[in-house]
Structures are given as C-alpha cells and as structure tokens.
Amino acid sequence: MSSCYSLFLFVFIEELVCKLHDMNKEIVISGIRSTGYLHLGNYFGAIHNYIRMQEEYDCNFFVADFHSLTTHPDPKSLKENVFRVVAENIASGLDPDKVALYAQSDLPEIAELFLLLNMLAYKGELEKVPTFKDKVRQNPDNVNAGLLTYPVLMAADILIHRAVKVPVGKDQEQHLEMARNFAQRFNNRYNTHLFPEPQVFRYASEGVKIMSLDGNGKMSKSENENATIFLNDSDEIITKKVKKAKTDSGPTQPNAVMPEYIENLISLFKLTEHNDIADKYTADYKDMNIKYGAMKNDLVEVLVKFIAPIRARAAELQKDEEGLRKILKAGAEKAKISARTTLDLARKAIGINYY
C-alpha cells in the first residue's frame, strides 16, 4: 500500500468517524483558564453547565495553558496550575470518561491552525478588541504579540474541532464573533465549507453572575480574594468571608427593592438548591423582618456543606499526579481525532498537500 494511499485512507476514515459521531451529538468546546483557584463564580457560571453538557453533547474541554503564557507565569508553577484546575473540575463533577479533557499544549494541531488563521487576521482589527486595550492599559510593559493575537488563538481552539456551540461569558462574545469571521474568511478564501460558524451557547438567555461578597463587581480570582469563595477554601475561611459579606441596616418599608449585594447572598441559597431558605429570607426582607446574622449563619452552613466534598476530592486527585497525567493524555488522544482531521483538510484546502 503506497504512502499516499495510506494517508488518503487515514484522512477518509478519520473524517468518517467524526461525521458519524456528529450525527449523534453536536460539538461543544470550552477553555478553562489555568491561573488561580476556581471559585463559586466559575462553578455556577461554567462548570455547573459543563456537567449538564457532558450528558447531551460531544464535549471538548481544554486547559488554556498556551493562553496563560501571555502573562509569563513561573515555569515552576505552570504544571501545578494545570493539574490543580483539572483536579478541581473533576472534583466538581466533570467526567473525563464522558468528555475530552486535555491541555491546550498537548494538541500541536491548535498551534498550526493558529498560524494559518493569523494569515487571515489583520493588525487593525486586533488592536480594536476591547480586551486587548484593557491589557495594554493594565500592563503597558508587557504588550506582547500573544495578547494581540489572543482572539486568533481562541478561534483556533474552537475551529480545530469544528465546534458549533461555545459556552462563553459576555466578555468573550466579541472573540467568538471574530472566530466566526475567521471561519468565513477561510471558507471564502479557499472555496470550502470546512468550518461551521460557532455560536454562543447558554442554557439560559443570561449567564449566571455571582457578585463579590463586598458588592463590588463579580467574584474574581484577582480583584478581592477576601470577597470571593474559592472551591478550596477551608470551613473557617468560608465562615470568615461570609460573616464579612456586605449587608445594610435592612429595608425601611415593606416590599422595598432588594439591593444587588443582598440579592446575591440569597441567590447562593437557590444555586445550591436550597430554594426554601431563599424564599424564607426573600419574604422576610419584604416584610421588613430579615435578620442578616441568621441569614449568614445559614449561608455558611450551606456553603460549607457544598464546598467540603469538592475540596476534599480535589486534594485527593492532586496527590495522584500520575493519574492526572493519564487523564490529560487520554483526553488529548480523544481530541486529536477531530483536530488531526480538521488540520489535514485545512492544509489540503490551502494547497499544503505535497505528498
């Protein structure tokens, strides 16, 4: 069997496998940042949906270690960060047997597609991206090319699997629009239908937003750690943070509009499936009878009960580095099937198929 025929047969079989798989489930792709610890905002804004998606879609979830290089992380901490975020996602309910869970850097196909798409991206449009402008303002001494071309790498992450559904937050919607633009440009330039146009995917029309406990913006890994509940926080730390959460002197009239920071605390009862407690304190607020001390005590109990098993499971997983390596390797092998096929077809469309 000639090498040319073998390559053709390989590409044909790989593409057929992908098409047969696609007939059953649509492809979902999402990246997980490999910096900082995961917190309640990450869980209810993303991971909670991942757990549902893994039952309904062909899911590819990757740890975005390439993306993290724009901020020049310490090489000694990079592996630790990647393994921790994988452990925390699995501990939260992500099942590596049901999804392709891999490190971005384990798919060299992403880097090559990134290079090819860069030929269709223009300096002017990349400089106008709001997140790039923000990074320039925040770190004027580190305006590297990776920051400028971040949307192109994000497009490569998505298009390498020809994903149609991408769960992203509001702040990433423009990047997804750019991914659609790159897909269109590639298809038009090379007269192909290779890339579908990926769309924002949410189960609800609005994403879940968990506010910081101090009432200033959303929970964040970097803004105010003392007002953010992390999935690895101890019971004592959770207690201290909730006790210090922003409240006020209470409503001054019946059925008063509830401030966002109070509504946020009550929403945590709902999100952890304690609607009865949420309804009680909502009614108490309307009746001018709310006791914030009692509410915080109940919230501490609920959050400790919710976080403790995740924290324990994540710690157990992180002790088994070899087990985490096997999970990432297996995830990369799954993801390579569609990635390799897509890249081969992209190279063929461009004309980079000499043998």
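Up top you'll find the structure we're talking about.
Residues numbered from 1 in each chain as written. Predicted model: local features only at pLDDT ≥ 70, side-chain atom pairs only at ≥ 80, totals over all residues. Heavy atoms only, no water.

If you trace the backbone, M288 turns up in the loop between α13 (275-286) and α14 (292-319). According to the relative accessible area criterion, M288 is partly exposed, its value standing at 40%. Taking C-alpha positions, M288 is 47 Å from V136, a pair spaced 152 residues apart along the chain. The residues touching M288, leaving out its near neighbours within four places in the chain, are P251, T252, Q253 and P254. (Helix = DSSP H or I, 4+ residues; strand = E, 2+ residues; numbered from the N terminus. Buried < 20%, exposed > 50% of the residue type's maximum accessible area, 1.4 Å probe, protein only. Contact = heavy atoms within 4.5 Å.)

Enumeration according to the criterion identifies 18 salt bridges in this entry. Ionic contacts of the salt-bridge type, sharing partners, join the residues K79, E321, E322 and R325 into one network. (Salt bridge = Lys/Arg side-chain N within 4 Å of Asp/Glu carboxyl O.)

Bringing the pairing of strand β2 (residues 58-63) into the picture now. Burial analysis of β2 places 6 of its 6 residues in the buried class, the great majority of the element. Both faces of β2 are covered, namely the face carrying D58, N60 and F62 and the face carrying C59, F61 and V63. Taken together, strand β1 (residues 27-32), helix α2 (residues 40-56) and β2 constitute a β-α-β crossover, and its handedness is right-handed. Across 4 bridges, the pairing between β2 and strand β3 (residues 100-103) is parallel. Opposite F62, over in β3, you have Y102 as the bridge partner. (Right-handed = clockwise from strand over helix to strand, strands pointing away. Pairing = 2+ DSSP bridges.)

Let's shift gears to helix α15 (residues 321-350). Because an α-helix packs 3.6 residues into every turn, residues spaced three or four apart end up facing the same way. Taking 1.5 Å per residue, 30 residues should reach 44 Å; α15 reaches 41 Å between its end C-alpha atoms and fits that length. Largest kink in α15: about 35 degrees, centred on K336. After α15 finishes, the residue G351 shows a positive phi value of roughly 110 degrees. (Expected span 1.5 Å × (residues − 1). Bend = angle between axes of the 7 residues up to and from the residue.)

This brings us to the environment of Q172. By the element assignment, Q172 lies in the loop between β4 (165-166) and α10 (173-189). Classification of Q172 as buried rests on a relative accessible area of 18%. It is 9.8 Å that separates the C-alpha atoms of Q172 and M154, two residues lying 18 residues apart in sequence. If near-sequence neighbours (up to four positions away) are discounted, Q172 is found in contact with Y150 and M154. In terms of polar contacts, Q172 uses its side chain to reach the side chain of H175, at 2.9 Å. (Polar contact = N/O pair within 3.5 Å; in protein donor to acceptor, adjacent residues only side chain to side chain.)

The next thing to look at is the nonpolar core. L40, F61, V86, L101, I229, F269 and M295 are the most contacted members of the largest nonpolar core, which has 61 residues in total. Membership of the second largest hydrophobic core comes to 44 residues, among which are I158, F182, F195 and L343. (Core = buried A, V, L, I, M, F, W, Y, C linked by side-chain atoms within 4.5 Å.)

Under the definition given, this model contains 11 aromatic pairs. Ring plane angle 80 degrees and centroid distance 6.3 Å describe the contact between Y354 and Y355, whose orientation is recorded as edge-to-face. What makes Y354 exposed here is its relative accessible area of 62%. Counting every residue linked through ring pairs, the aromatic cluster contains Y43, F44 and F306. For R52, the ring lying beneath its charged end belongs to Y203, and the centroid distance is 3.6 Å. (Phe/Tyr/Trp six-rings, centres within 6.5 Å; stacked < 30°, edge-to-face > 60°. Lys NZ or Arg CZ within 6 Å of the ring centre and 35° of its normal.)

It is worth spelling out the packing of α2 against α14 at this point. Following both chains from N to C, one finds α2 and α14 inclined at 80 degrees, their axes separated by 13 Å at the closest point. The angle between α2 and α14 falls in the class roughly perpendicular. Residues L40, Y43 and F44 of α2 pack against L303, F306, I307 and I310 of α14. Residue composition of the contact of α2 with α14, grouped by class: 7 nonpolar, no polar and no charged. (Axes fitted to C-alpha atoms, helices over the stretch in contact; angles between N-to-C directions. Parallel < 35°, antiparallel > 145°, perpendicular 65-115°, else oblique. Nonpolar A, V, L, I, M, F, W, Y, C, P; charged D, E, K, R; others polar.)

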